[in-house]
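So you can see what is in the structure, the chains are spelled out below.
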Amino acid sequence: MGTKPGMKTDIDLFTPLELGPLQLANRIVLAPLTRNRAGEGNVPQAINVEYYRQRASGGLLISEASQISPQGVGYPSTPGIHSDAQVAGWKKITDAVHAEGGRIFLQLWHVGRISHPSLQPDGELPVAPSAIEPAGETATYEGMQAFVTPRALEINEISPIVSQYRQAAHNANAAGFDGVEIHAANGYLIDQFLRDGTNYRTDEYGGSLKNRVRFLIEIVKAVTAELGSERVGVRLSPENGFNDIKDGQPQETFNFIVERLNEFKLAYLHVVEGDMVTGERNLDYNQFRSAFQGIYIANNRYDFERATEALKTDAADLVSFGQLYIANPDLPERFAKGAKLNVPDPDTFYGGGEHGYTDYPSLEEGS
Ligand code: 8OZ
């Protein structure tokens, strides 16, 4: 039987995997998904507990993006991990997931310029590496509003934000999470530092690639010092244009970033492959996959067939699912049985209550 070198014919989505100290039951990951259903004070509430509990049979769950500080907020009803009430709210979620035998990481988030004064403390301007306005509009409590020009961070404001990432990781641990994922993707604050299209700084955080990566590396150092590197993952999106992010040389930029991340023995690298909105895919993701010396999670529009293929061709170790997991709380069981999938309803992705959130039927309940 002519199997190609590098093929992993014995591996599929149901092969367990060791992720640092954790034994994952399968290779199916719940992608981090903003659902805008946090309670008052951006505190996780009862329906959020039910949502994660329903999805606990995935090998690993990654929480929706969660703000490290009030300044990190960019959308209505998104949870944080900076207040005691938020930590207590998350603890109920991690307890529920663990009671089902699941594993869960928290995604650490600061949106940078992808915010609006109406969402910021004291109505202040959002902050960014440079004062460059994103094109388009953003969701606020008062409906869609135009983005504003952010305020460029002063150099002495950067290390306090790095410390907030560390404190947030500390809080995630107190909330019972198995680890954290640093959200360095999708055009938010860290990504704004990484890209030449949003970072015009002339100090040590801008200009050369080495300088643009400095903010991410300082955060990785701080967070791994807090939790141990085997409990920390990083998410990148090398060619995603979401949130008006641009880079002149994404393959080179991200090859360099991946090499820098090898200095830490991270739990994993999580990559949004291609563009989130259009699905277009032009970069060579095998370069990132093979350069990274650790577990690689592939994401963006995978289905059962493509995910299985990715594992068998050694293009990934784990695959995360977004829309399919929104609509199918028992996605691993459905994949295992080759069962029909519920169809996701985009109208209920962002905001609302139980409908489109916790009321997608399991196989047992029938559709
Ligand atoms: C879609 C809508 C709002 C936020 C991301 C946190 O892209 C998000 C997000 C996605 O990472």
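Residues numbered from 1 in each chain as written. Predicted model: local features only at pLDDT ≥ 70, side-chain atom pairs only at ≥ 80, totals over all residues. Heavy atoms only, no water.

Colleague: Please explain the site of the ligand as it appears in this structure.
Modeller: Looking at the ligand, the residues that line it are Thr 34, Ala 65, Tyr 75, Trp 109, His 183, Asn 186, Tyr 188, Phe 242, Met 276 and Tyr 350. When each cavity is represented as a set of grid points, the ligand is found to reside in the largest pocket. (Near = heavy atom within 4 Å. 1 Å grid on protein atoms, 1.4 Å probe; cavity = no way out; pocket = protein on both sides within 12 Å on 5 of 7 lines; lining within 4 Å. Sits in = over half its atoms within 2 Å of the grid points.)

Colleague: Honestly, the nonpolar core in this entry has me stumped. Any pointers?
Modeller: Soluble, globular proteins show a tendency: their nonpolar side chains are buried together. In terms of nonpolar packing, the biggest core is built from 83 residues, with Leu 108, Phe 215, Leu 236, Leu 261 and Phe 321 touching the most fellow members. Per-element accounting of this core gives the leading share, nine residues, to helix α5 (residues 209–227). Once residues lying within four places of it in the same chain are set aside, the contact partners of Leu 261 are Leu 216, Ile 217, Val 220, Val 234, Leu 236, Leu 266, Leu 269 and Phe 292. Core analysis: the next-biggest nonpolar cluster, separate from the first, contains 13 residues, Leu 19, Leu 22, Leu 24 and Ile 297 among them. (Core = buried A, V, L, I, M, F, W, Y, C linked by side-chain atoms within 4.5 Å. Buried < 20%, exposed > 50% of the residue type's maximum accessible area, 1.4 Å probe, protein only. Helix = DSSP H or I, 4+ residues; strand = E, 2+ residues; numbered from the N terminus. Contact = heavy atoms within 4.5 Å.)

Colleague: Would you mind showing me how to read helix α3 (residues 158–174) here?
Modeller: For an α-helix, 3.6 residues make a turn, and residues three or four places apart therefore share a direction. When the terminal C-alpha atoms of α3 are compared, their 25 Å separation across 17 residues agrees well with the 24 Å that a helix rising 1.5 Å per residue should span. Within the sequence span of α3, burial applies to Ile 158, Ile 161, Val 162, Tyr 165, Ala 168, Ala 169, Asn 171 and Ala 172. Tucked into the core, α3 has its buried residues touching α2 (84–99), β5 (104–109), β10 (179–183), α4 (189–194) and α5. One or two steps after α3, the chain reaches Gly 176, where phi turns positive at roughly 90°. (Expected span 1.5 Å × (residues − 1).)

Colleague: Whenever I open this one, α2 confuses me. Can you help?
Modeller: Relative to the 22 Å expected for 16 residues at 1.5 Å per residue, α2 spans 23 Å between its end C-alpha atoms, a close match to the ideal helical length. All of the buried residues along α2 are Gln 86, Val 87, Gly 89, Trp 90, Ile 93, Thr 94, Ala 96 and Val 97. At the C-terminal side of α2, Gly 101 shows a positive phi close to 85°.

Colleague: Can you walk me through the pairing of strand β11 (residues 232–236) in this structure?
Modeller: Moving residue by residue along a regular strand, the side chains alternate between the two faces of the sheet. Most of β11 is tucked away, with five of its five residues classed as buried. Residues of β11 alternate between two faces, with Val 232, Val 234 and Leu 236 on one and Gly 233 and Arg 235 on the opposite face, all of them buried. The sheet contact formed by β11 and strand β12 (residues 268–272) spans four bridges and is parallel. Bridge pairing in β12 places Gly 233 opposite Tyr 268. Handedness of the β11-helix α6 (residues 250–261)-β12 crossover: right-handed. (Pairing = 2+ DSSP bridges. Right-handed = clockwise from strand over helix to strand, strands pointing away.)

Colleague: Which parts of the structure should I look at to understand the packing of helix α1 (residues 46–54) against α2?
Modeller: Working note: a packed helix pair is described by the angle between its axes plus the distance between those axes. Look at α1 against α2: their axes get within 9 Å of each other, and the N-to-C directions meet at 25°. One way to sum up the angle between α1 and α2 is to call them roughly parallel. Crossing hand, α1 versus α2: right-handed. Where α1 approaches α2, its residues Asn 48, Val 49, Tyr 52 and Arg 53 are matched on the opposing element by Trp 90, Lys 92, Ile 93, Ala 96 and Val 97. Of the residues that constitute the contact of α1 with α2, the class distribution is six nonpolar, one polar and two charged. (Axes fitted to C-alpha atoms, helices over the stretch in contact; angles between N-to-C directions. Parallel < 35°, antiparallel > 145°, perpendicular 65-115°, else oblique. Left-handed = near helix turned anticlockwise from the far one by under 90°. Nonpolar A, V, L, I, M, F, W, Y, C, P; charged D, E, K, R; others polar.)

Colleague: Before we go on, may I ask you to explain the packing of aromatic side chains in this structure?
Modeller: What characterises a pair of aromatic rings is the spacing of the ring centres plus the angle enclosed by the ring planes. Taken as a whole, this structure holds 14 aromatic pairs when the rule is applied. Between Tyr 51 and Tyr 357, the aromatic rings sit 4.3 Å apart at their centres with planes inclined by 10°, giving stacked as the arrangement. With a gap of 306 residues between them, Tyr 51 in helix α1 and Tyr 357 in the segment after α10 (331–337) connect regions that are remote in the sequence. Tyr 357 carries the same exposure label as Tyr 51, and that label is buried. Consider the rings of Phe 105 and Tyr 268, whose centres lie 5.6 Å apart with planes at 40°: the pair is tilted. With Phe 105 in strand β5 and Tyr 268 in strand β12, this pair connects stretches of sequence that are 163 residues apart. Tyr 268 carries the same exposure label as Phe 105, and that label is buried. (Phe/Tyr/Trp six-rings, centres within 6.5 Å; stacked < 30°, edge-to-face > 60°.)

Colleague: What's the story with the side chain of Asn 199 in this structure? I'm lost.
Modeller: Relative to the helices and strands, Asn 199 is located in the loop between α4 and α5. Side-chain polar atoms of Asn 199 contact the backbone oxygen of Phe 193, separated by 2.8 Å. With residues up to four places along the chain from it excluded, the contact list for Asn 199 reads Pro 129, Ser 130, Gln 192, Phe 193, Tyr 205, Gly 206 and Arg 212. (Polar contact = N/O pair within 3.5 Å; in protein donor to acceptor, adjacent residues only side chain to side chain.)

Colleague: Is there a simple way to explain the sheet that holds strand β14 (residues 318–321) in this structure?
Modeller: Backbone hydrogen bonds hold the strands of a sheet together, and the pairing may be parallel or antiparallel. The sheet built from eight strands closes into a barrel, its strands ordered β3-β4-β5-β10-β11-β12-β13-β14 with parallel pairing. For this sheet, the mean angle separating the axes of adjacent strands, direction not counted, is 25°. Across five bridges, β12 lies against strand β13 (residues 295–299) in parallel orientation. Opposite Leu 269, over in β13, you have Tyr 296 as the bridge partner. Along the sheet, α6 contacts β11 and β12; its crossing angle with β11, the most-contacted strand, is approximately 175°.

Colleague: Help me understand the pattern of salt bridges, please; the structure alone is not making it clear to me.
Modeller: Opposite charge on two side chains permits them to pair, given that their charged atoms come into close proximity. Under the criterion given, the structure shown has 17 salt bridges. Measuring nitrogen to oxygen at the nearest pair gives 2.7 Å for the salt bridge that ties Arg 166 to Glu 226. Of the two residues, Arg 166 is situated in helix α3 and Glu 226 in helix α5; the sequence distance between them amounts to 60 residues. Glu 181 is the salt-bridge partner of Arg 235, the closest N and O atoms lying 4.0 Å from each other. On the criterion of sequence distance, the pair formed by Arg 235 in strand β11 and Glu 181 in strand β10 is long-range, its members being 54 residues apart. Exposure class is identical for Arg 235 and Glu 181. Each is buried. Ionic contacts of the salt-bridge type, sharing partners, join the residues Lys 8, Arg 289, Asp 314 and Asp 317 into one network. (Salt bridge = Lys/Arg side-chain N within 4 Å of Asp/Glu carboxyl O.)

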